Amino acid sequence: MKIYHNNRCSKSRCALQLIEESGQDVEVINYLQNAPTPAELKVLLKQLDMSAEALVRKGEAIYKSELKGKELSEDEWIEAMCRYPKLIERPIVVHEGKAIVARPPELVNEWLNSKQ
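Below or above, wherever it landed, is the structure these notes cover. (Residues numbered from 1 in each chain as written. Predicted model: local features only at pLDDT ≥ 70, side-chain atom pairs only at ≥ 80, totals over all residues. Heavy atoms only, no water.)

Details of the overall build of the protein
Spelled out, the test is: Comment: elements are numbered from the N terminus, with helices defined as DSSP H or I runs of at least four residues and strands as E runs of at least two. Within these notes, the globule rule equals 2.2 Å times the number of residues to the 0.38 power, and the radius of gyration is based on C-alpha atoms. The classification of residues rests on relative accessible area computed with a 1.4 Å probe and restricted to protein chains. Under 20% of the type maximum is buried, over 50% is exposed, and intermediate values are partly exposed. Contacts: residue pairs with any heavy atoms within 4.5 Å of one another. Surface exposure here means Shrake-Rupley accessible area, sampled with a 1.4 Å probe, where a residue is shielded only by the protein chains that are shown. Only four residue types enter the charge count, namely Lys and Arg as positive and Asp and Glu as negative; His and the chain termini do not. Where a charge lies is defined by one atom per residue type, namely NZ (Lys), CZ (Arg), CG (Asp) and CD (Glu).
Secondary structure summary: the protein contains five helices and four strands in total. Reading the protein from its N end, one meets helices and strands in the order β-α-β-α-α-α-β-β-α. Here the C-alpha radius of gyration of the protein, 14 Å, is about what a compact globule of 116 residues would show, namely 13 Å. For the protein, the residues scored as buried account for 41% of the 116 residues in total. Partitioning the contacts of the protein with sequence separation of at least 6, the portion at a separation of at least 24 is 61%. For the protein, the accessible surface area stands at approximately 6,700 Å², while carbon and sulfur atoms represent 44% of it. Each charge class in the protein was averaged separately, 17 positive and 18 negative side chains, and the resulting centres sit 5 Å apart.

Structural notes on the pattern of salt bridges
Heads up, the rule is: The salt bridge criterion pairs a side-chain nitrogen of Lys or Arg with a carboxyl oxygen of Asp or Glu, the two atoms within 4 Å.
Applying the stated rule across the entire model yields four salt bridges. In this structure, lysine 42 and aspartate 75 form a salt bridge, with 3.2 Å as the shortest nitrogen-oxygen distance. One end of the pair, lysine 42, is in helix 2 (residues 38–48); the other, aspartate 75, is in helix 4 (residues 74–83), with 33 residues separating them in the sequence. Notably, a salt bridge pairs arginine 103 with glutamate 89, separated by 3.4 Å at the nearest N-O pair. Of this pair, arginine 103 sits in the loop between strand 4 (98–101) and helix 5 (107–115) while glutamate 89 is found in the loop between helix 4 and strand 3 (92–95), placing the two residues 14 residues apart along the sequence. Put simply, Arg57, Glu60, Glu89 and Arg103 are held in one network by salt bridges that share partners.

Examining the packing of aromatic side chains
Any two aromatic rings considered together are summarised by their centre-to-centre distance and by the angle between their planes. Counted only if it meets this: We call Phe, Tyr and Trp rings a pair once their centres come within 6.5 Å, taking the six-membered ring for Trp, and we label the pair stacked below 30 degrees between planes, edge-to-face above 60, and tilted otherwise.
Within this structure, the stated rule accounts for one aromatic pair. On the numbers, 6.4 Å between centres and 20° between planes, the contact of tyrosine 63 with tryptophan 77 is stacked. Here the residue tyrosine 63 occupies a position in helix 3 (residues 61–67), and tryptophan 77 occupies one in helix 4, the gap between them amounting to 14 residues. In this structure tryptophan 77 comes out as buried when scored by relative accessible area, which is 3%.

Digging into the sheet that holds strand 1 (residues 2–5)
Operational definition: Strands qualify as paired when DSSP identifies two bridges or more between them. Only the stretch in contact is used when fitting a helix axis, every axis being a line fitted to C-alpha atoms; angles between N-to-C directions are given from 0 to 180 degrees.
Taking strand neighbours across the sheet as the criterion, the four strands line up as 2-1-3-4 in an open arrangement whose pairing is mixed. Either end of the sheet is taken by a strand with one partner, and the two such strands are strand 2 (27–30) and strand 4. Mean inter-strand twist for the sheet, computed between neighbouring axes without regard to direction, equals 20°. Strands in contact with helix 1 (residues 10–22) are strand 1, strand 2 and strand 3; relative to strand 1, the strand with the most contacts, it is inclined by about 160°.

As structure tokens, then:
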């Protein structure tokens, strides 16, 4: 199991705690320090079954100042998230080839229970 994690985010910390409490082995990816590549982000989006624009945090200052109101292609949204990883919604949990945005964090428990 992997979690794309931002330690400053309470939702991300809570999701990580729930995973650890479940006994699952977890790989923590601090995506703000190690931004995903466009190829990695495309795989994540496929696992999430979502568009790049849907994964963008629209409340972030960089979105409001640089991207709000712009019509971008899928690849342009991906490039923006790679350049500014803070734009990526969090936390993202990956397990057995599928992924979810764990907001609220309790979705992790529901998701893990449905996989058993």
